[in-house]
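# Survey of secondary and tertiary structure
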Amino acid sequence: MRHGRKIKKLGRKWAHRKALLRNLLGALFTHERIKTTVAKAKEARRLADRLITFAKENTLAARREVRRFLSDESLVHKLFNEIAPRLNDRKSGYTRIFRLGHRAGDAAEMVILELVARKEKSEKKTKATPKKEKTKD
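Residues numbered from 1 in each chain as written. Predicted model: local features only at pLDDT ≥ 70, side-chain atom pairs only at ≥ 80, totals over all residues. Heavy atoms only, no water.

## Some thoughts on the environment of arginine 50
As a reminder of what qualifies: By the criteria applied, helices consist of DSSP H or I runs no shorter than four residues and strands consist of E runs no shorter than two, each listed in order from the N terminus. Exposure classes here rest on a 1.4 Å probe applied to the protein chains alone. A residue is buried below 20% of its type maximum, exposed above 50%, and partly exposed in between.
Along the polypeptide, arginine 50 turns up in helix α2 (residues 38-57). Judged by relative accessible area, arginine 50 falls into the partly exposed class, the value being 48%.

Below is the structure:
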């Protein structure tokens, strides 16, 4: 029976799994979109949603709880000051998973894990000068 087995082990020991998830979350909060396998994305999603919920509280205790998991202080700062305010109107579901298909090497199913309210990097491209219409003379 699977009573009390809420996490997937991902074929790794505890310390390696913890390091893997810390690195995935660091990349997710840095780039706001990562490409990984389905199993890793589902585990990272659980932790990311939990950390974002702490960040929305914006208390010292919440900051210390997030700091326990994310080792980089600049990531903690970005999570509390940039990411959490954008997701303030949502109660849960801060991340989404897009399935991409199978990886060529080992046929592992790949996904994109991203934050729901991403800061769009293409805003500068859309605000470019409009094209001038050609007139026939």
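After that view of the structure, there is still more to cover.
## Things to note about the pattern of salt bridges
The criterion, for reference: In the sections that follow, a salt bridge refers to a side-chain nitrogen of Lys or Arg positioned within 4 Å of a carboxyl oxygen of Asp or Glu.
Tallied over the entire structure, the rule returns nine salt bridges. Across the pair glutamate 114 and arginine 33 runs a salt bridge, and its minimum N-O distance is 2.8 Å. Separated by 81 residues along the polypeptide, glutamate 114 in strand β3 (residues 109-115) and arginine 33 in strand β1 (residues 33-37) bring together distant segments of the chain. Using a relative accessible area of 39% as the deciding quantity, one classes arginine 33 as partly exposed.

## Focus: the sheet that holds strand β2 (residues 95-102)
Going by this rule: Strands were regarded as paired on the criterion that DSSP finds at least two bridges between them. All axes here are fitted lines through C-alpha atoms, helices being fitted over the stretch that makes contact, and every angle between N-to-C directions spans 0 to 180 degrees. Residue contacts follow a heavy-atom distance rule, with two residues in contact if any of their heavy atoms lie within 4.5 Å.
Taken in spatial order, the three strands make up an open sheet running β1-β3-β2, and their pairing is antiparallel. Of all strands in the sheet, those with a lone pairing partner are β1 and β2, marking the two edges. On average, each strand axis in the sheet is inclined to that of its neighbour by 25°, with strand direction left out of account. Note: β2 against β3, seven bridges, orientation antiparallel. Note on β3: the bridge partner recorded for arginine 99 is valine 111. Together, β1, β2 and β3 form the strand contacts of α2, whose direction differs from that of β2 by roughly 170°.

## Focus: the packing of aromatic side chains
Put simply, the rule reads: Side-chain rings of Phe, Tyr and Trp (the six-membered ring for Trp) are treated as a pair once their centres are within 6.5 Å; stacked means planes under 30 degrees apart, edge-to-face means over 60, and tilted covers the remaining angles. Two limits define a charge over a ring: the Lys NZ or Arg CZ must be within 6 Å of the ring centre, and within 35 degrees of the ring normal.
As enumerated under the stated definition, the model contains zero aromatic pairs in all. It is arginine 22 that lies over the ring of phenylalanine 69; its NZ or CZ is 5.5 Å from the centre. The ring centre of phenylalanine 80 lies 4.3 Å from the NZ or CZ of arginine 63, which sits over that ring.

## Here's the deal with the nonpolar core
What counts, and what does not: Among the buried residues, those of types Ala, Val, Leu, Ile, Met, Phe, Trp, Tyr and Cys that are joined through side-chain atoms within 4.5 Å form a nonpolar core.
Core analysis: the largest hydrophobic core is formed by 32 residues, its most contacted members being Leu25, Leu28, Phe29, Leu51, Val66, Leu70 and Leu79. At nine residues, α2 tops the list of elements feeding residues into this core. When sequence neighbours within four positions are dropped, the list of residues in contact with leucine 28 reads Arg33, Ile34, Ala48, Thr95, Leu113, Glu114 and Leu115.

## Digging into helix α1 (residues 14-31)
Selection criterion: To estimate the expected span of a helix, subtract one from its residue number and multiply by 1.5 Å.
With 18 residues, α1 ought to run about 26 Å at 1.5 Å a step, and its terminal C-alpha atoms sit 26 Å apart, in line with that. Along α1, the positions that sit buried rather than exposed are Arg17, Leu20, Leu21, Leu24, Leu25, Gly26, Leu28 and Phe29. In this structure, the buried side of α1 is in contact with β1, α2, α3 (60-69), α4 (73-86), β2 and β3. A positive backbone phi angle near 65° is found at glutamate 32, which sits one or two residues after α1.

## Looking at unusual backbone geometry
Residues other than glycine seldom take positive phi values, yet asparagine 58 does so here, at roughly 55°. Structurally, asparagine 58 can be placed in the loop between α2 and α3. What makes asparagine 58 partly exposed here is its relative accessible area of 47%. Its identity as a non-glycine residue notwithstanding, alanine 107 has a phi of 65°, on the positive side. Tracing the sequence through the fold places alanine 107 in the loop between β2 and β3. Look at alanine 107 and you get partly exposed, because its relative accessible area is 49%.

None of this, on its own, says anything about what the molecule does.
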